[in-house]
Amino acid sequence: YQRRVRGNAHGVMLYNSNAMEVYLTEIPSITIRTLGGIFDMYFLLGPEPLVVTQQLTDLIGKPFMPPYWSLGFHLCRYGYKSMNETKETFERNWNKGLPMDVQWQDIDYMDEKRIFTINETSYAGLKDFVNNTIHKKGVHYVIIVDPAVKLEDQFSVYERGLFHDVYIKNSTDQDIIGMVWPGETVFPDFTKQKTRDWWKEEVVQFHDELPFDGIWLDMNEPANFDYHGTHGSIYGCPNNTINFPPFKPNTAGDSMFFKTLCMDAKQEWGLHRDVHNLYGLTETIATFDSLRTLFPTGRPFIISRSTFLGSGKYAGHWLGDNESNWKHLRQSIAGILDFNMLGIPMTGADIGGFHGDITEELAIRWHQLGAWYPFCRNHNGIDSIDQDPAVFSEEAFEMIKHAIEMRYDLLPTLYTMFYDAHITGKPIIRATFQNFPLDDIASDKNFDEDYTQFMVGENILVAPVVEEGVSSTNVYLPTSVTWYKYQSDTYSFHKSGISVVNVPLGELPYFLKGGSILFKQNSGQTSLQRREKPYEIVLFANRNGNAGGTMYIDDGTTDVDEDLFKFGVVHVKMAPRNVRFHGLNHNGYQFGNARIERIIVIGIDELVTELEIEGKRVKDGFRFDAESKTLKIDHDELPSFGSTFEIVFV
């Protein structure tokens, strides 16, 4: 819970894993009713909104640092009927030049939906496809893994778990049996060390059969289907006050164990009633440790459906099974803002929606918004029409591709935001008031009714179109700073305050705060290809003619918390008539052949007739446009990226 008053903010955290209800009132007051458990209450004093989130992550853990490739575009669906259909979908998008970094696989690949198996009939040759098609193109591969294990004699995964006694027990100390995708199932107890050890062995062993790069944890509330109307287990749940408490919070269904396990089921940490909300977190930690073993110096990549406070230290999150409609497009913004405030910045919604059939217009607008999601994945359900970008008309595909290319251009800037989140706990996706807590309009409680905008980091503001047939959007740019607009591949000054911005179907402009800097790499179909390209650096002068910014860079894969980890930082500082670059390498990091291709400075008030680069006067290799107050420098003798130098505007 976070409370804001006149620019100040404080937070209250009840660190409790039991079922609860939370009521907010206008008084203001908050009422929390929980079924029990530990009552640890924390007061986060702020005094600013962003500081509250930083203080929260001081307690629950800073967000994990993702691998660079995970910032790219992800493609998935439930309903690839075969390996060939997966391949066809991947190749029709790849061959049309769509920027793409990750192909995902839903449960279709499994043999009878049993975890850690491959259907060798419909998915024969899957390992070869991953190695020789996906990986050879520099693309990565993520698979879904559910926690429930099919109860079946001769199923080796089940039997190894049975041997190690890893499953949750019922009230009579038998393995509790539920019903999930493969049929009758049992559920690993990740609060047990021996369960985590068994899970690690299964993950590592399965990687030999299928060379995945990350894991998608689904159904980990844990989800448990009803068995002919019976919930909790296939035999139901005992009639006691644990399963049927005198007070039931406003949870789904008519019982506490609706579509999950009996509350009196037994885990090592206690009754399932008390640790149910920790199930996803404990599975995530076990999976994180498994991937650490599999990739000893690498960064695990995990997306989990079920989360708890602290999950962001190990994984990202997607917002679950949404619908292909404009309402859910808009609602995704609030969901991603919420999880960023809770220390899980790597969050996204299914672009295009999971349930239902999408329209072409909605697909374009959703990809334009989704290009700003920290976790950017197109995913839909088995009963829906195809919605990967390549299935749409050529015109629509180019619009979607343009949105994704915009994201890829900004990957160096976005990656720096993730590092900042990892170090400080600051959210990546922010409400406008978080960056401008003293702004009365942005802080108004009804602001979100009139504006769909949000900010990406400290300096970028996005105002997506979230209604059908609309070609404009309301934007409020706080008046305390200067603003610029990027639209139609052009940067221009934009007045602060309230405005209506024209947004044709193929475009989504974004706004830059004066004093900020963008670091860009502008070509390449994968993030790896982009990393090998020269940099374009765009500086936006504030009212005093100044700008400043920092870019973080490393190899994109190595664990950043390792001793003697190598990384580089580039500081850029602009005064009215010069710009200075200062590169720092830590622990011997090598910037390599990285070079600067172009520097763009916007907002220069005085004429520029010459440049002085490292003390040398030059009269060519740059263009100054007095009308737009823009200086473009693409001189052949620009120093290498990561070096220390100065450019003077004469």
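Residues numbered from 1 in each chain as written. Predicted model: local features only at pLDDT ≥ 70, side-chain atom pairs only at ≥ 80, totals over all residues. Heavy atoms only, no water.

1. Side note on the pairing of strand β2 (residues 8-15)
For step 1, the next point in the chain: Inspection of the sheet shows strand β1 (residues 2-5) paired to β2 by four bridges, in the antiparallel sense. By the bridge assignment, R3 is partnered in β2 with H10.
For step 2, the next point in the chain: Between the end of β1 and the start of β2, which pair antiparallel, lie two residues, with R6 showing a positive phi angle near 50°. (Pairing = 2+ DSSP bridges. Helix = DSSP H or I, 4+ residues; strand = E, 2+ residues; numbered from the N terminus.)

2. Some details on the nonpolar core
For step 1, the next point in the chain: Within the largest apolar cluster, 201 residues are counted, with the highest numbers of intra-cluster contacts made by Y109, Y510 and F649.
For step 2, the next point in the chain: At eight residues, helix α10 (residues 394-409) tops the list of elements feeding residues into this core.
For step 3, the next point in the chain: With residues up to four places along the chain from it excluded, the contact list for Y109 reads T117, I118, N119, Y123, L126, I143, I144, V145, F206 and L210. (Core = buried A, V, L, I, M, F, W, Y, C linked by side-chain atoms within 4.5 Å. Buried < 20%, exposed > 50% of the residue type's maximum accessible area, 1.4 Å probe, protein only. Contact = heavy atoms within 4.5 Å.)

3. Things to note about the packing of helix α4 (residues 156-163) against helix α5 (residues 193-209)
A packed helix pair is summarised by two numbers, namely the angle formed by the two axes and the spacing between the axes.
For step 1, the next point in the chain: Two numbers describe how α4 lies on α5: the axes approach to 10 Å, and their chain directions differ by 155°. Our classification of the angle between α4 and α5 gives roughly antiparallel. Considering the relative orientation of α4 and α5, their crossing is right-handed. Listed contacts from α5 to V157, R160 and G161 of α4 are W198, E202 and Q205.
For step 2, the next point in the chain: For the contact of α4 with α5, a count of residues per class yields two nonpolar, two polar and two charged. (Axes fitted to C-alpha atoms, helices over the stretch in contact; angles between N-to-C directions. Parallel < 35°, antiparallel > 145°, perpendicular 65-115°, else oblique. Left-handed = near helix turned anticlockwise from the far one by under 90°. Nonpolar A, V, L, I, M, F, W, Y, C, P; charged D, E, K, R; others polar.)

4. Side note on the state of the cysteines
For step 1, the next point in the chain: One pass over the structure, following the stated rule, counts one disulfide.
For step 2, the next point in the chain: Each disulfide pairs two cysteine sulfurs, and for C237 the partner residue is C262, the sulfurs being separated by 2.0 Å. Across the disulfide from C237 to C262, rotation about the S-S bond amounts to roughly -90°, and the bridge is consequently left-handed. You can see C237 sitting in the loop between β12 (214-217) and β13 (266-267) and its partner C262 sitting in the loop between β12 and β13, a full 25 residues away along the chain. (Disulfide = S-S within 2.5 Å.)

5. Structural notes on the sheet that holds strand β5 (residues 40-44)
For step 1, the next point in the chain: One open sheet holds the three strands; their spatial order is β1-β2-β5, and the pairing between them is antiparallel. What marks the edges here is a single partner per strand, and that holds for β1 and β5. Neighbour to neighbour, the strand axes of the sheet diverge by 15° on average, direction disregarded.

6. Here we look at the sheet that holds strand β6 (residues 73-75)
For step 1, the next point in the chain: Here we have nine strands laid out as an open sheet, ordered β17-β16-β15-β12-β8-β7-β6-β19-β18, and parallel in their pairing. With partners counted over all chains shown, the strands left at the sheet margins are β17 (347-348) and β18 (350-351), one partner each.
For step 2, the next point in the chain: Here strand β16 (residues 316-318) pairs with β17 via two bridges, running parallel. Looking across to β17, one finds that W318 is bridged to G348.
For step 3, the next point in the chain: Contacting β7 (102-105) and β8 (140-145), helix α3 (residues 126-134) runs over the sheet at an angle of about 150° to β8.

7. Observations regarding the side chain of N18
For step 1, the next point in the chain: By the secondary structure assignment, N18 is in the loop between β2 and β3 (20-25).
For step 2, the next point in the chain: Only 2.8 Å separates the side chain of N18 from the side chain of D274, close enough to count as a polar contact.
For step 3, the next point in the chain: In contact with N18, other than residues within four places in its own chain, are T34, L35, G36, G37, R273, D274 and N277. (Polar contact = N/O pair within 3.5 Å; in protein donor to acceptor, adjacent residues only side chain to side chain.)

8. Observations concerning helix α7 (residues 279-294)
For step 1, the next point in the chain: Over its 16 residues, α7 extends 23 Å from the first C-alpha to the last, a length consistent with the 22 Å expected when each residue adds 1.5 Å.
For step 2, the next point in the chain: Burial analysis of α7 places twelve of its 16 residues in the buried class, which makes it a mostly covered element.
For step 3, the next point in the chain: Residues of α7 that are buried: Y279, G280, L281, T282, E283, T284, A286, T287, F288, S290, L291 and L294.
For step 4, the next point in the chain: For α7, the elements touching its buried residues are β8, α5, β12, β13, α6 (272-275) and β15 (302-304). (Expected span 1.5 Å × (residues − 1).)

9. Here we look at the side chain of S311
For step 1, the next point in the chain: Looking at the secondary structure, you find S311 in the loop between β15 and β16.
For step 2, the next point in the chain: Classification of S311 as buried rests on a relative accessible area of 2%.
For step 3, the next point in the chain: The contact partners of S311, leaving out residues within four places of it in the chain, are L281 and I344.

10. Digging into α5
For step 1, the next point in the chain: Taking 1.5 Å per residue, 17 residues should reach 24 Å; α5 reaches 25 Å between its end C-alpha atoms and fits that length.
For step 2, the next point in the chain: Residues of α5 that are buried in the fold lie against β8, β9 (149-150), α4, β12 and α7.

11. Brief notes about the packing of α5 against α7
For step 1, the next point in the chain: Closest axis-to-axis distance for the α5/α7 pair is 9 Å, and the angle between their directions is 50°. Considering their axes alone, α5 and α7 lie oblique with respect to each other. Every pair of crossing elements has a handedness; the one defined by α5 and α7 is right-handed. In this structure, α5 contributes R196, W199, K200, V203, V204 and H207 to the contact, and α7 contributes E283, A286, T287, D289, S290, L291, T293 and L294.
For step 2, the next point in the chain: When its residues are assigned to classes, the contact of α5 with α7 shows six nonpolar, four polar and four charged.

12. A look at unusual backbone geometry
Where the residue is not glycine, phi is negative for most of them; where a peptide bond is considered, it is trans in most cases.
For step 1, the next point in the chain: The linkage connecting I27 with the following residue, P28, adopts the cis geometry, with an omega of 5°.
For step 2, the next point in the chain: Take P28: it is sitting in the loop between β3 and β4 (29-34).
For step 3, the next point in the chain: That bond from E221 to P222 is cis: its omega, 5°, falls within 30 degrees of zero.
For step 4, the next point in the chain: Assignment of secondary structure puts P222 in the loop between β12 and β13.

13. As for the environment of D555
For step 1, the next point in the chain: Within the secondary structure, D555 is located in the loop between β30 (547-553) and β31 (567-575).
For step 2, the next point in the chain: Put simply, D555 and Y68 are 487 residues apart on the chain and 8.3 Å apart in space, counted from C-alpha to C-alpha.
For step 3, the next point in the chain: When near neighbours in sequence (up to four residues on either side) are disregarded, D555 contacts R299, R531 and Y589.

14. Overview of the packing of aromatic side chains
For step 1, the next point in the chain: Taken as a whole and judged by the stated rule, the model has 41 aromatic pairs.
For step 2, the next point in the chain: Summarising the aromatic geometry, the rings of W216 and W318 are spaced 5.6 Å apart at their centres and angled 80° between planes, so their arrangement reads as edge-to-face. With W216 in strand β12 and W318 in strand β16, this residue pair connects regions lying 102 residues apart in the sequence. Assigned by exposure class, W216 and W318 land together as buried.
For step 3, the next point in the chain: Across the ring face of W216, the terminal group of R377 is positioned such that the distance to the ring centre comes to 4.5 Å. (Phe/Tyr/Trp six-rings, centres within 6.5 Å; stacked < 30°, edge-to-face > 60°. Lys NZ or Arg CZ within 6 Å of the ring centre and 35° of its normal.)

15. What to know about the environment of R530
For step 1, the next point in the chain: Checked against the element boundaries, R530 lands in helix α14 (residues 527-531).
For step 2, the next point in the chain: A relative accessible area of 3% places R530 in the buried class.
For step 3, the next point in the chain: Sequence separation of R530 and L410 is 120 residues, and the distance between their C-alpha atoms is 10 Å.
For step 4, the next point in the chain: Beyond its immediate chain neighbours, meaning those up to four positions away, R530 contacts E405, Y408, D409, Q521, N522, S523 and G524.
For step 5, the next point in the chain: Polar side-chain contacts of R530 include one of 3.0 Å to the backbone oxygen of Q521.

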